Amino acid sequence: MARSRVNAARAAVWAYLSEEALRGEWWPELRLEPKVGGEVSERWSEGEGDDAVSRDASGTVDVWVDGHAIGFTWRESGDPRDTAVLVTLRSQGYETGITVTETGFDALPSPAERAAASQEGWAVLLRDLTEAVRVAVESGTIGADGVVAGAGGGAAVDAVAVEAEAVDVGSDDADAEADGDEAEVAGVDGAGGEGAGVDGPDGGVDGAGGADDGESAEPDEPDADPDFDDLIRGN
């Protein structure tokens, strides 16, 4: 499991997760069709000889709650079973909490090592995501009015400070921790719309934002999170 808290609106963080152009700033190797049933894959290689490291994983999106959650099952080439990934966003005041769980390592060879490697990898990705948001603000991609320039549906960001935290869990504990999230967010055929359009906290902000005279508008109250308790993965 890996966690991050970003001092930014949930809609903007969702844009950086779901929109290919923005996601490419921090995870360019990932290919993700933004819908339930869409394909997901990550392929890369680096180094040579004994130092060579590669990744060849592919699978299917099985959770898509627009603005809130993405889930998929995928399998590394040569593995006998899939693992299941769930990424959830939660508004926490004017910040956004991100939680990533990946489960299923108990059915794979060297489960403890694989779970630890997964945790480390997700922690790095979340750091890259928060860095992408920070750079966007500093470069003006996210304007002083909080709009992500070029985002598919517009997205609002309230601030810049970001913080990433890795949570140590063994493979058995990771499965137990994930049960709570999977009970909250799960198989949602039709729950999220196809595509990566994002509504801002005020109900939808379109267009690119630029810096103003240094004064930022009073932020709107963040959207309330839906009740995920009745959503069950796979239904």
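All values derive from a computational prediction rather than experimental measurement. (Residues numbered from 1 in each chain as written. Predicted model: local features only at pLDDT ≥ 70, side-chain atom pairs only at ≥ 80, totals over all residues. Heavy atoms only, no water.)

1. Description of the pairing of strand β5 (residues 69–76)
Step number 1: Among the eight residues of β5, six are classified as buried, and the element is accordingly described as predominantly covered.
Step number 2: Strand direction decides the pairing type here: β5 and strand β6 (residues 83–92), joined by six bridges, are antiparallel. From the neighbouring strand, Trp74 faces β6, where its bridge partner is Thr83.
Step number 3: Counted between consecutive antiparallel strands, the loop separating β5 from β6 contains six residues, among which Gly78 sits at a positive phi close to 95 degrees. (Buried < 20%, exposed > 50% of the residue type's maximum accessible area, 1.4 Å probe, protein only. Helix = DSSP H or I, 4+ residues; strand = E, 2+ residues; numbered from the N terminus. Pairing = 2+ DSSP bridges.)

2. Considerations on the environment of Arg10
Step number 1: Here Arg10 shows up in helix α1 (residues 10–18).
Step number 2: As for Arg10 and Gln92, which are separated by 82 residues in sequence, their C-alpha atoms are 9.0 Å apart.
Step number 3: In this structure the side chain of Arg10 is engaged in a polar contact, spanning 3.3 Å, whose partner is the side chain of His68. (Polar contact = N/O pair within 3.5 Å; in protein donor to acceptor, adjacent residues only side chain to side chain.)

3. Some points on the pattern of salt bridges
Step number 1: Counting across every chain of the model gives four salt bridges.
Step number 2: Linking Asp56 and Arg43 is a salt bridge whose minimum nitrogen-to-oxygen distance equals 2.8 Å. With a gap of 13 residues between them, Asp56 in strand β4 (residues 53–65) and Arg43 in strand β3 (residues 39–46) connect regions that are remote in the sequence.
Step number 3: Where Arg75 meets Asp82, a salt bridge forms, and the shortest distance between an N and an O atom there is 2.7 Å.
Step number 4: Arg75 sits in the partly exposed class, given a relative accessible area of 35%.
Step number 5: Of the residues examined, Asp82 reaches a relative accessible area of 33% and is grouped as partly exposed. (Salt bridge = Lys/Arg side-chain N within 4 Å of Asp/Glu carboxyl O.)

4. Some points on the confidence of the model for the protein
Step number 1: Across the protein, pLDDT averages 72, with 55% of residues at or above 70.
Step number 2: Counting contacts from residues 153–176, a segment whose pLDDT is below 50, to residues more than four positions away or on other chains yields 74 contacts.
Step number 3: Predicted confidence is poor over residues 186–222, with pLDDT under 50, and the contacts of this stretch with residues over four places away or in other chains come to 88 contacts. (pLDDT = per-residue confidence, 0-100. Contact = heavy atoms within 4.5 Å.)

5. Regarding empty space enclosed by the protein
Step number 1: In total, this model carries two cavities of 30 Å³ or more according to the counting rule given.
Step number 2: Space inside the largest cavity adds up to approximately 120 Å³.
Step number 3: Lining the largest cavity are 14 residues, and of these Leu17, Trp26, Trp27, Val87 and Trp122 sit closest to its centre.
Step number 4: The element that contributes the greatest number of residues to the lining of the largest cavity is helix α3 (residues 111–139), accounting for three residues.
Step number 5: Per-class residue counts for the lining of the largest cavity are 13 nonpolar, no polar and one charged. (1 Å grid on protein atoms, 1.4 Å probe; cavity = no way out; pocket = protein on both sides within 12 Å on 5 of 7 lines; lining within 4 Å. Points joined across faces, edges and corners; volume = space filled by probe spheres on them. Nonpolar A, V, L, I, M, F, W, Y, C, P; charged D, E, K, R; others polar.)

6. Overview of the environment of Gly24
Step number 1: Locating Gly24 in the fold gives a position in the loop between α2 (20–23) and β2 (30–32).
Step number 2: The exposure class assigned to Gly24 is partly exposed, which follows from its relative accessible area of 30%.
Step number 3: Note: C-alpha distance between Gly24 and Ala132 (108 residues apart in sequence) is 9.8 Å.

7. Points about the packing of aromatic side chains
Any pair of aromatic rings gets described here by the distance separating the centres and the angle formed by the planes.
Step number 1: Going through the model one piece at a time under the given rule, you end up with four aromatic pairs.
Step number 2: Taking the centre distance of 5.2 Å and the plane angle of 70 degrees together, the rings of Trp14 and Trp64 count as edge-to-face. Here Trp64 lies in strand β4 and Trp14 lies in helix α1, a separation of 50 residues in the sequence. A single burial state applies to Trp14 and to Trp64, both of which are buried.
Step number 3: Residues Phe72 and Trp74 carry aromatic rings whose centres are separated by 4.9 Å and whose planes lie at 75 degrees to one another, so their mutual orientation is edge-to-face. Of the two residues examined, Phe72 and Trp74, each falls in the buried class.
Step number 4: An aromatic cluster is present here, built from Trp26, Trp27 and Trp122 joined pairwise through their rings. (Phe/Tyr/Trp six-rings, centres within 6.5 Å; stacked < 30°, edge-to-face > 60°.)

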